[in-house]
Amino acid sequence: MEPLRVVVIGGLNMDLIVQVPRLPKPGETVAGDSLLRAPGGKGANQAVAAARMGAAVTMVGRVGRDSFGRELKRSLRDEGVATRSIRVSTDRSTGAALIAVDERGENSIAVATGANLEVLPDDLPRRAIQTADVVSAALEVPLGTIEEAFRVARLGGARTVLNVAPAQPVPAELLLATDVVICNEHELGVMLGREIRSGEEAASARAVRGFADQLIVVTLGERGALAVSGERTVEQSAFAVPSIDSTGAGDAFVAGFVCGRWWSDGLEAALRLGCAAGALATTKAGAQPAMPRLDAVRALLRA
């Protein structure tokens, strides 16, 4: 089978991670252990995860003219991700994320977006987008850039996947250009403008659809994930693994779902692959370092 051709549009950040006994409350300082520095950014994480699962990946983004930016580009190249569409800003520094992770693997994250805000429509590799199988984007870059990328993708017949993270309302025009929306419960609530209670996820997913046959996928953490397709709801339970850090779980899920080729191999298989990849990403510290490889995901699926 030919490798899946994926273009990812999103953020590149340097993650600065501190392990703490518990997450600090407002105004509180909590002493942690050593500082871990690791490549991150939701877009870059998803690009690495997809490449590790066998896809041919092109990353679209922007970094600063600094050591973080050089390190992030180098780490992507080392993973086999094409970086020719990562531009360098002369005005803004590379994005950075400050992450606290507690003993249960839960996290709290503050992000300095930096150069990610300068990813513009002129940066888009239009030929790569039009010839891709899937164009995936996270909401770390200007929404107008994502909308233009999805417009170009549709012209070439590529499928479009929108990861609604970080959480924010999605303009109707962008939603209409999206084939698959992937979000967690909180992000779904932000899209609808209200809190989502347990058991309301499927109905809420239907309510947020931009058109009748749009696919909405909702990740549910320890409860797994569900997908709404027309009047059909497909559910996948979570895989039991020893979790230590949930930072990159959502990004691994997105890549696993995309690499599951929902359009040909079936929605159930794609959900299962996404949940397995997301679970494995919680078993190691950091985001990109924890992105699982295809053989590990297959082993979990066979277990």
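Residues numbered from 1 in each chain as written. Predicted model: local features only at pLDDT ≥ 70, side-chain atom pairs only at ≥ 80, totals over all residues. Heavy atoms only, no water.

### Here's the deal with the sheet that holds strand E3 (residues 35–40)
As a reminder of what qualifies: When DSSP finds two or more bridges between a pair of strands, those strands are recorded as paired. Strands here are runs of E lasting at least two residues and helices are runs of H or I lasting at least four, both read from the DSSP assignment and numbered beginning at the N terminus. Axis lines are fitted to C-alpha atoms, over the contacting stretch for helices. Their N-to-C directions set the angle, which ranges from 0 to 180 degrees. We call two residues contacting when some pair of their heavy atoms lies within 4.5 Å.
What the four strands build is an open sheet, ordered E3-E2-E6-E7; its pairing is mixed. With one partner strand each, in any of the chains shown, E3 and strand E7 (107–112) form the two edges of the open sheet. The mean angle between the axes of side-by-side strands here comes to 20°, regardless of whether they run parallel or antiparallel. Packed onto the sheet, helix H2 (residues 67–78) meets strand E2 (13–19) and E3 and runs at close to 60° relative to E3.

### Focus: the packing of aromatic side chains
Note the threshold: Two aromatic rings, drawn from Phe, Tyr or Trp (for Trp, its six-membered ring), form a pair once their centres lie within 6.5 Å of each other, and the interplanar angle then sorts them: stacked below 30 degrees, edge-to-face above 60, tilted otherwise. Two thresholds decide whether a charge sits over a ring: the Lys NZ or Arg CZ must be within 6 Å of the ring centre and within 35 degrees of the ring normal.
Overall, the coordinates contain three aromatic pairs when judged by the stated rule. Members of the aromatic cluster, each reached through a chain of ring pairs, are Phe253, Phe257, Trp262 and Trp263. Taking the ring centre of Trp263 as reference, the NZ or CZ of Arg159 above it sits at 4.0 Å.

### Quick notes on the side chain of Ser75
Of note, Ser75 is situated in helix H2. Filtering out sequence-adjacent residues up to four positions away, Ser75 remains in contact with Pro39 and Gln288.

### Details of the pattern of salt bridges
Side chains carrying opposite charge are able to pair once their charged atoms draw close together. Our working definition: Basic side-chain nitrogens of Lys or Arg form a salt bridge, by our definition, when they fall within 4 Å of a carboxyl oxygen of Asp or Glu. Summary of the burial criterion: residues with accessible area below 20% of their type's maximum are buried, those above 50% are exposed, and those between are partly exposed, where the area comes from a 1.4 Å probe applied to protein chains only.
Using the criterion set out here, one finds 18 salt bridges in the structure. Where Asp251 meets Lys42, a salt bridge forms, and the shortest distance between an N and an O atom there is 2.7 Å. Within this pair, whereas Asp251 is found in helix H8 (residues 249–259), its partner Lys42 is found in helix H1 (residues 42–52), the two being separated by 209 residues in sequence. Judged by its relative accessible area of 1%, Asp251 falls in the buried class.

### Notes on the pairing of strand E1 (residues 5–9)
The buried fraction of E1 is high, at four of five residues. Direction of pairing for E1 relative to strand E4 (residues 56–64): parallel, over a ladder of five bridges. Within E4, the residue paired with Val7 across the bridge is Thr58.

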